[in-house]
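What follows is each chain in one-letter form.
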Amino acid sequence: MTLIEIAQMTIPQARKYLESIRWPNGPVCPHCGGVRQWKIRTKSARPGVYKCRECRKQYSVTVGTVMHSSKLSLRKWIMAFHLMCSSKKGVSALQLQRNLGLRSYKTAWHLSHRIRLAMKDFPVHMPPLQGTVEVDETYIGGRMRNQGRGLKLSNKTAVLALVERKGRAYAKPVKRVDAKALKGTILGMVDENSTIMTDEWSAYHGIGGFFDGGHGVVCHSDGEYVRGVVSTNQVESFFALLKRGVHGIFHHVSKEHLFRYCDEFSFRWSYRKVDDTERTRQAIKGADRKRLMYERMVNSDIERS
Ligand SMILES: [Zn+2]
């Protein structure tokens, strides 16, 4: 599906599209899981509202999702999902505001963060990473201006990424890059039959003992980047993309929201081999059972993200 096709959808078509993704086998009550319902057809009723025969509560396709009680039209929601799923490096809130004709930057900013929440796959909605998993950490964020020798590391946030060869990615900010933090995440996220690939950073020492496939170490300090199957090239490509997005498009991402951009870039990486339509479907599917209240997010300064 193209953006133009989405833009031409009628409201009932947009609702039908969302329903087919959320409920491929017919409506399911988000309150109790009941599958028997009436469609409410009285004149005063809002369109697309069902009444559950089990718990008697009402619901529509957006209830209990990131779209819950949003004033935005369903069509604009689908367009926003599509825009964020189809651009490789992501879309800024300003661009969303312009493309969708949204009244305020605040609305666009909130919209983009809710879609990032829908894109969050790990750790709940995905089986552990498997096969050969490349692991690396980097520093992201901080101001681009005056960067140089005077740059303090504290200005930046460490991000850890785990990337399956030819597969999925998971990234998250970490407070420290010590053995406890890195190993804890790796053990929690990776299947024990896997092989771990890292550089020679001491925090990874001994990680091979936890995995059947052991631990391959590439020695960057010796100028080595690939030794047979041992490399961390894919996780480095992932970081290159994340950095281009965060520095180029989002300009400055505040520390407290960096994890959302990590979720977004992990999602797009994990679904990079399917087309835009399918990637958009997957993100919309992920909107289920996640809600994000604006107030909870905006304790911090909106301008900074
Ligand atoms: Zn119910």
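Above this text you will find the structure in question.
Residues numbered from 1 in each chain as written. Predicted model: local features only at pLDDT ≥ 70, side-chain atom pairs only at ≥ 80, totals over all residues. Heavy atoms only, no water.

Chemist: Mind showing me how you'd approach the environment of Thr185 here?
Modeler: Counting through the fold element by element, Thr185 comes out in helix H6 (residues 179-189). On the accessibility criterion, Thr185 (9% relative accessible area) is buried. Once the C-alpha coordinates of Thr185 and Met79 are considered, the two residues, 106 residues apart in sequence, prove to be 34 Å apart. Among all residues touching Thr185, those that are not within four sequence positions of it are Leu160, Leu162, Tyr170 and Lys172. For Thr185, the side chain forms a polar contact with the main-chain oxygen of Ala181, separated by 3.1 Å. (Helix = DSSP H or I, 4+ residues; strand = E, 2+ residues; numbered from the N terminus. Buried < 20%, exposed > 50% of the residue type's maximum accessible area, 1.4 Å probe, protein only. Contact = heavy atoms within 4.5 Å. Polar contact = N/O pair within 3.5 Å; in protein donor to acceptor, adjacent residues only side chain to side chain.)

Chemist: Even after reading the chapter, I still don't get the coordination of the zinc ion, so can you show me in this structure?
Modeler: A four-donor tetrahedral metal ideally has 109.5 degree angles, and a six-donor octahedral metal ideally has angles of 90 or 180 degrees. The protein atoms donating to the zinc ion are Cys29 (SG), Cys32 (SG), Cys52 (SG) and Cys55 (SG), with metal-donor distances spanning 2.3 to 2.4 Å. Of note is the zinc ion, whose four donor atoms meet at the metal with angles of 102 to 115 degrees in an arrangement that counts as tetrahedral. For the zinc ion, the donor residues sit on a single chain with the sequence spacing C-x2-C-x19-C-x2-C. Pair noted here: Cys29 is in the loop between helix H2 (11-22) and strand E1 (37-39) and Cys52 is in strand E2 (residues 50-52), with a separation of 23 residues, a long-range link. (Donors = N, O, S within 2.8 Å, 3.2 Å for Na, K, Ca; no water. Tetrahedral: all angles 85-135°; square planar, octahedral: opposite > 155°, others 65-115°.)

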